[in-house]
Amino acid sequence: MATLKEIADLAGVSRGTVDRVLNHRGSVNSQTKRRILEIVEALDYKPNKAGIVLAAQKKNLKLGVVLLGLGTVFYDDILKGVHEQADELAGYNCSVLIRQTEYDLEQQLSAIDELTAEGICGLALSPYNDNAVREKINELHAKGIPVVTLNTDIENARRLAYVGCHFYRSGETAGGLMHLMTHGAVRVGIISGSQNVLCHTERIAGFCHAIDSYGGIQILETINTNDDETESYELTTAMLHRHPEINALYFTAGGVYGGCRAVMDAGRDRDITVITYDMVDTTREFVENGLIAATICQQPFLQGSKPLSLLYTYLTTGEQPAVENDYVAIDIRIKENL
C-alpha cells in the first residue's frame, strides 16, 4: 500500500503538502494539487482511517452549530439530534458549540463569527437566505472550514452538503394533498414563516406548481409570521376577516398553533381544510381532533444529528459525503396513521 512519503516523493513535494490536499486544508497550487491527486488515484491510495481518527482525537476538534428558529418548537427536535450526536462525538475528543438565533441576518452572521473566533473546524448551519450568508460560507470554505447546511439550504454557496427536506417536492406533495382532500371551489390562504428562508419559499413554489396542474384551487393571500405563534394568530385572524371565502389553509413553516387557534376562535374549525408540516405536540393534537387534515413530517432528529457526523468524518478521514443533497423522507401523517 502506498504511503504519504511515496506520494510526496513522486510528486516532488513535502508530506505536509500531500496531507493538505488529501484533507482539504489550506491552499495548494492547482497544478500541484492535480498532480498529487493523479498519483493518489494511480496508486489507489487508501488512508488508514483508524489511525486518522485516533490522531484526530488528539487534536480536540471543535464543530459549530448555528440554527434559526429561536423559540420555535420544531427546532427542539433538531436540537435533540444535535445533542445526541454531540454526546457521541465527545467520546472522540470532539466538542460541539451551539448557537440559535431568530430569523435575523445580523444575529446569524454574528453567531458564525463568534464560533469562528472560538476555533471551530466545521459548521452545521440552517442558513438565512441572504447573499451575506452565502459569502460567509464561501469565506469559511476558503479557510478550510467545511459547512453542512441543514433544514434549509442556500443556493450557490460552497457548502459541503445539505441535510433536510426536498422543499419543492414537499410543496408539491402538499398541493397534491390539497387536491385530494378538498372539492369544489377551493380558496387558499398560505401562512409562511419568512421570505428569507429558502425552504419556505420553495415549498410555496412547489405547492403552486402542483395546484396549477389540477385547477379549481386559488390562492387568495400569503402571510409571513416569522414562525411566531402570536404573529400567526393575529395575522391569520386578520386574513380570515379579509377573506371569509377562504376554505383551506396551507402552513409552510411554524406558527401552526397560533394559526389554528385563530381558525377555532373564528368558528371555522369544521369548514377549513388545513395542511401543515411537522409533528410537534400541539400539531398532533390538532390532527387528532380533526382540525388539521394532514401534516408532512421531515425527520428533524436526523437533520440535527447527521450534519455533525458528516463533518466529523470529512475532517478526520477526508471522506466526502456520499451525496451532496441528503434528502430526508417525506412522511405524510393523517389522523388514522399517527
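How each quantity is defined
Residue indices begin from 1 for each chain and proceed along its sequence in written order. Reporting of local features is limited, given that this is a predicted model, to residues whose pLDDT is at least 70; pairs of side-chain atoms are given and counted only at 80 or more, and all residues count toward the totals for whole chains, interfaces and linings. Note that water and hydrogens are dropped before the side-chain values are worked out from all heavy atoms of the structure. Between buried and exposed lies partly exposed: a residue is buried under 20% and exposed over 50% of the maximum accessible area for its type, with that area taken using a 1.4 Å probe on protein chains only. Secondary structure is summarised from DSSP: a helix means a run of H or I of at least four residues, a strand means a run of E of at least two, and numbering begins at the N terminus for each. Here, any two strands with at least 2 DSSP bridges between them count as paired. Seen with its strands pointing away from the viewer, a crossover is right-handed if its path from the first strand over the helix to the second goes clockwise. When a carboxyl oxygen of Asp or Glu is within 4 Å of a side-chain nitrogen of Lys or Arg, the pair counts as a salt bridge. Axes here mean lines fitted to C-alpha atoms, for a helix over just the part in contact, with angles spanning 0 to 180 degrees between N-to-C directions. A contact between two residues is defined here by any heavy atoms of the two lying within 4.5 Å. In this description, a nonpolar core means a group of buried Ala, Val, Leu, Ile, Met, Phe, Trp, Tyr and Cys residues linked to one another through side-chain atoms lying within 4.5 Å. Expected span, for any helix, means 1.5 Å times one less than how many residues it has. The handedness criterion is simple: a crossing whose near helix is rotated anticlockwise from the far helix by less than a right angle is left-handed, and one whose near helix is rotated clockwise is right-handed. Each residue is assigned to one class: nonpolar for Ala, Val, Leu, Ile, Met, Phe, Trp, Tyr, Cys and Pro, charged for Asp, Glu, Lys and Arg, and polar for all the others, Gly among them.

Colleague: Sorry, what's going on with the pairing of strand E6 (residues 186-192) here?
Modeller: Sheet faces and side chains relate simply in a regular strand, where the side chains alternate between the two faces. The element E6 is largely enclosed, with a buried count of 6 among its 7 residues. Relative to strand E7 (residues 217-224), E6 runs parallel, the two sharing 7 bridges. Paired with Gly-189 across the strands is Glu-221, a residue of E7. Crossover E6 to E7 through helix H9 (residues 198-214) is right-handed. The pairing of E6 with strand E8 (residues 248-251) spans 4 bridges and is parallel. If you follow Ile-190 over to E8, its bridge partner there is Tyr-250.

Colleague: So what exactly am I meant to see when it comes to the pattern of salt bridges here?
Modeller: Pairs may arise between side chains of opposite charge once their charged atoms sit close together. A complete count under the given rule lists 13 salt bridges for this structure. The salt bridge involving Lys-143 is made with Glu-139; its shortest N-O contact spans 3.5 Å. The exposure class assigned to Glu-139 is partly exposed, which follows from its relative accessible area of 36%. The partner of Glu-324 in a salt bridge is Arg-159, and the shortest N-O contact between them spans 2.7 Å. Placement of Glu-324 in the loop between helix H13 (300-317) and strand E11 (325-327) and of Arg-159 in the loop between strand E4 (147-150) and strand E5 (161-164) is noted, with a sequence separation of 165 residues between them. Judged by its relative accessible area of 48%, Glu-324 falls in the partly exposed class. Residue classification places Arg-159 among the buried positions, given a relative accessible area of 12%.

Colleague: Teacher, can you tell me more about the sheet that holds E5 here?
Modeller: Note on sheets: strands pair through backbone hydrogen bonds, and any given pair is parallel or antiparallel. One open sheet holds the 6 strands; their spatial order is E2-E1-E3-E4-E5-E11, and the pairing between them is parallel. Here the strands that pair on one side only, and so sit at the sheet edges, are strand E2 (95-100) and E11. Averaged over all neighbouring strand pairs, the angle between strand axes comes to 15°, with direction disregarded. Here 3 bridges tie E5 to E11, and the two strands are oriented parallel to one another. Bridged to Tyr-162 within E11 is Asn-325. Across the sheet, helix H6 (residues 105-117) touches strand E1 (62-67), E2 and strand E3 (122-125), and the angle it forms with E1 is around 170°.

Colleague: How should I be thinking about the nonpolar core in this particular structure?
Modeller: Considering soluble globular proteins, one finds that nonpolar side chains tend to be buried as a cluster. Residues Leu-63, Leu-123, Leu-125, Val-133 and Leu-308 are the most contacted members of the largest nonpolar core, which totals 51 residues. Residues contacting Val-133, with those up to four places away along its chain left out, are Leu-105, Gln-108, Leu-109, Leu-125, Pro-127, Tyr-128 and Ile-154.

Colleague: Sorry if this is basic, but what is going on with helix H8 (residues 167-181) here?
Modeller: Residues separated by three or four positions in an α-helix point in the same direction, a consequence of the helix having 3.6 residues per turn. With 15 residues, H8 extends 21 Å from end C-alpha to end C-alpha; this agrees with the ideal 21 Å at 1.5 Å per step. Of all the positions in H8, only Phe-167, Ser-170, Gly-171, Ala-174, Gly-175, Gly-176, Leu-177 and Met-178 are classed as buried.

Colleague: Help me understand the sheet that holds E6, please; the structure alone is not making it clear to me.
Modeller: Judged by pairing direction, the sheet is mixed, and its 6 strands sit side by side in the order E7-E6-E8-E9-E10-E12 without closing on themselves. The open sheet has two edge strands, E7 and strand E12 (331-333), and neither has a second partner. Direction aside, the axes of adjacent strands within the sheet are offset by 20° on average. Sheet analysis places E8 next to strand E9 (residues 273-277), joined by 3 bridges and oriented parallel. The partner of Ala-248 across the bridge, within E9, is Thr-273. In this fold helix H10 (residues 229-242) packs onto E6, E7 and E8, with an angle of close to 145° to the strand it touches most, E7.

Colleague: Any chance you could explain the packing of helix H11 (residues 256-265) against helix H12 (residues 281-288) here in plain terms?
Modeller: The relative placement of two packed helices is expressed as an angle between their axes plus a distance between the axes. Two elements in contact, H11 and H12, have axes whose closest approach is 9 Å; the angle formed by their N-to-C orientations is 35°. Crossing angle aside, the handedness with which H11 passes H12 is left-handed. Contacts from Val-256, Tyr-257, Cys-260, Arg-261 and Met-264 in H11 reach Thr-282, Thr-283 and Phe-286 in H12. Among the residues making up the contact of H11 with H12, the classes are represented as 5 nonpolar, 2 polar and 1 charged.

Colleague: Quick question: what am I supposed to make of unusual backbone geometry here?
Modeller: If a residue is not glycine, its phi is most likely negative; likewise, a peptide bond is most likely trans. Positive phi, normally seen in glycine, also occurs at Asn-151, with a value near 70°. Note that Asn-151 resides in the loop between E4 and E5. Classification of Asn-151 by relative accessible area gives buried; the value is 5%. Even without glycine at this site, Asn-156 takes up a positive phi of about 60°.

Worth remembering: the numbers are spatial, not functional.
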